[in-house]
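Residue-level structural notes
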Amino acid sequence: MNVQVKYIENQSNPYTSRKGGVYLKGLKREDRQPVHLLFLIDVSGSMDDENRLDNVRRSMNFILPFLTSEDQISLITFSDSSEVLLSKMAVNDTNKRAIEYKVG
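The numbering scheme is per chain: residues are counted from 1 as the chain's sequence reads. At least 70 in pLDDT is required for a residue's local features to be given in this predicted model, at least 80 for side-chain atom pairs to be given and counted, and no such filter applies to totals for whole chains, interfaces and linings, which use all residues. Heavy atoms throughout the structure, all of them, feed into the side-chain values; hydrogens and water do not.

Topic: the nonpolar core
- Buried Ala, Val, Leu, Ile, Met, Phe, Trp, Tyr and Cys residues form a nonpolar core when they are joined through side-chain atoms within 4.5 Å. Buried residues are those whose accessible area, probed at 1.4 Å on protein chains only, stays under 20% of the maximum for their type, while exposed residues exceed 50% and partly exposed ones sit between those limits. Phe39, Leu67, Ile73, Leu75 and Ile99 are the most contacted members of the largest nonpolar core, which totals 16 residues.
- The helix count covers DSSP runs of H or I at least four residues long, the strand count covers runs of E at least two residues long, and both are numbered beginning at the N terminus. Of all the secondary-structure elements, those providing two or more residues to this core are strand E3 (36–42), helix H1 (52–63), strand E4 (72–78) and helix H2 (93–103).

Notes on the pattern of salt bridges
- Basic side-chain nitrogens of Lys or Arg form a salt bridge, by our definition, when they fall within 4 Å of a carboxyl oxygen of Asp or Glu. In the structure shown here, the tally under the stated rule is 1 salt bridge.
- Ionic pairing is found between Arg57 and Asp54, a salt bridge with its closest N-O pair at 2.9 Å. A residue pair is termed a helical-turn pair when its members lie 3 or 4 positions apart in one helix, as Arg57 and Asp54 do in helix H1 at 3 residues.
- Relative accessible area serves as the criterion here: at 32%, Asp54 is assigned to the partly exposed category.

What about the pairing of strand E5 (residues 82–90)?
- As judged from the 6 bridges shared by E4 and E5, these two strands associate in the antiparallel manner. Considered in E5, the bridge of Gln72 is made with Ala90.
- When DSSP finds two or more bridges between a pair of strands, those strands are recorded as paired. Between E4 and E5, which follow one another and run antiparallel, lie 3 residues.

What about the pairing of E4?
- The pairing of E3 with E4 spans 7 bridges and is classified as parallel. Bridge pairing in E4 links His36 to Gln72.
- Between the parallel elements E3 and E4, the chain passes through H1 in a crossover that is right-handed. By the criterion used throughout, a crossover qualifies as right-handed when its path from the first strand across the helix to the second strand runs clockwise, the strands pointing away from the viewer.

In structure tokens form, the structure reads like this:
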């Protein structure tokens with residue numbers, strides 16, 4: 001799976017910030033190898049600007065349905081210090097709720 005972050009420039013005002021998004025491209029879930037996604041998320045105060053942290057949360061929740069029980073997620077947050085919230089958690093039906101909770 002090829003995961004890329006794409007930015008959309010605001011053409012009407014070149015001085016405003018870019019808007020982010022997630023672009024997924026790859027094989028069907030059944031045809032690809034399992035993936036381990038590691039999310040390293042800045043949770044410092046600067047992420048409150050322009051709803052940056054909310055956009056990260058929405059993007060992560062957007063990706064979840066594309067993953068299978070063979071895939072894994074790790075989630076680390078950082079600001080002044082770091083915290084491991086998830087470590088190689090399988091993305092099965094039971095864990096998806098826990099992952100959504102941690103992302104929230």
